[in-house]
Amino acid sequence: KAGFLVRKVHADSDGKRTPRGKRGWKTFYAVLKGLILYLQKGEFRPEKQLSHEDLKNAVSIHHSLAMRAADYSKRPNVFYLRTADWRVYLFQAPNAEQMQSWITRINTV
Ligand code: I3P
């Protein structure tokens, strides 16, 4: 599965609140391959090599949980992703259908 997602980092590993200055929304082209959610910045080209930064942004979804962010109302179609090491991300999908599709795919790998 692949598509554009806008990401906000809410908590770093061990659940520590991500500090100010690192909490802004950023657009990525997301590709879910196996247990890794790759997040590529900039224009997407299938043949493009993943940059060092792309690899740093990759998220392991092994033992992670995705769920609709029912308590977050500033933007529509937002879901939480909580990873095994207690990072918390918010992801905004382009529409409700895409949001549900990402949640289902992440939770059923
Ligand atoms: C953050 C940025 C986010 C905002 C966040 C800010 O600033 O403005 O958009 O979240 O608020 O800290 P920065 O880019 O300097 O990290 P919202 O869009 O959800 O308001 P927060 O600290 O209350 O999460």
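Here is what the cut-offs are and how they apply
- Residues numbered from 1 in each chain as written.
- Predicted model: local features only at pLDDT ≥ 70, side-chain atom pairs only at ≥ 80, totals over all residues.
- Heavy atoms only, no water.
- Helix = DSSP H or I, 4+ residues; strand = E, 2+ residues; numbered from the N terminus.
- Buried < 20%, exposed > 50% of the residue type's maximum accessible area, 1.4 Å probe, protein only.
- Pairing = 2+ DSSP bridges.
- Contact = heavy atoms within 4.5 Å.
- Axes fitted to C-alpha atoms, helices over the stretch in contact; angles between N-to-C directions.
- Near = heavy atom within 4 Å.
- Polar contact = N/O pair within 3.5 Å; in protein donor to acceptor, adjacent residues only side chain to side chain.
- Areas by Shrake-Rupley, 256 points an atom, 1.4 Å probe, with all protein chains shown as cover.
- Nonpolar A, V, L, I, M, F, W, Y, C, P; charged D, E, K, R; others polar.

A. Spatial organisation of unusual backbone geometry. The phi angle at aspartate 14 is positive, at roughly 70 degrees, despite the residue not being glycine. As for its position among the elements, aspartate 14 is in the loop between strand 1 (2-11) and strand 2 (26-33). On the accessibility criterion, aspartate 14 (65% relative accessible area) is exposed. Residues other than glycine seldom take positive phi values, yet tryptophan 86 does so here, at roughly 65 degrees. Along the chain, tryptophan 86 turns up in the loop between strand 6 (78-82) and strand 7 (88-92).

B. View of the sheet that holds strand 1. Read across the open sheet, the seven strands follow the order 4-3-2-1-7-6-5; overall the sheet is antiparallel. Looking along the sheet, the strands with just one partner apiece sit at the ends: strand 4 (59-60) and strand 5 (65-68). The pairing of strand 5 with strand 6 spans four bridges and is antiparallel. Within strand 6, the position partnered with alanine 66 by the bridge is leucine 81. The sheet strands contacting helix 2 (residues 96-107) are strand 1, strand 2, strand 3 (36-40), strand 5 and strand 6, and the helix crosses strand 5 at an angle near 155 degrees.

C. The arrangement of the site of the ligand in detail. Taken together, Lys8, Arg17, Arg20, Gly21, Lys22, Arg23, Gly24, Trp25, Tyr72 and Lys74 make up the full set of residues adjacent to the ligand. In the environment of the ligand, an oxygen atom lies 2.8 Å from a nitrogen or oxygen atom belonging to the backbone of glycine 21. One nitrogen or oxygen atom from the main chain of lysine 22 is found 3.1 Å from an oxygen atom belonging to the ligand. Relative to its free-state accessible area of 500 Å², the ligand is covered by the protein chains to the extent of 61%. Classifying every residue of the shell around the ligand gives two nonpolar, two polar and six charged.

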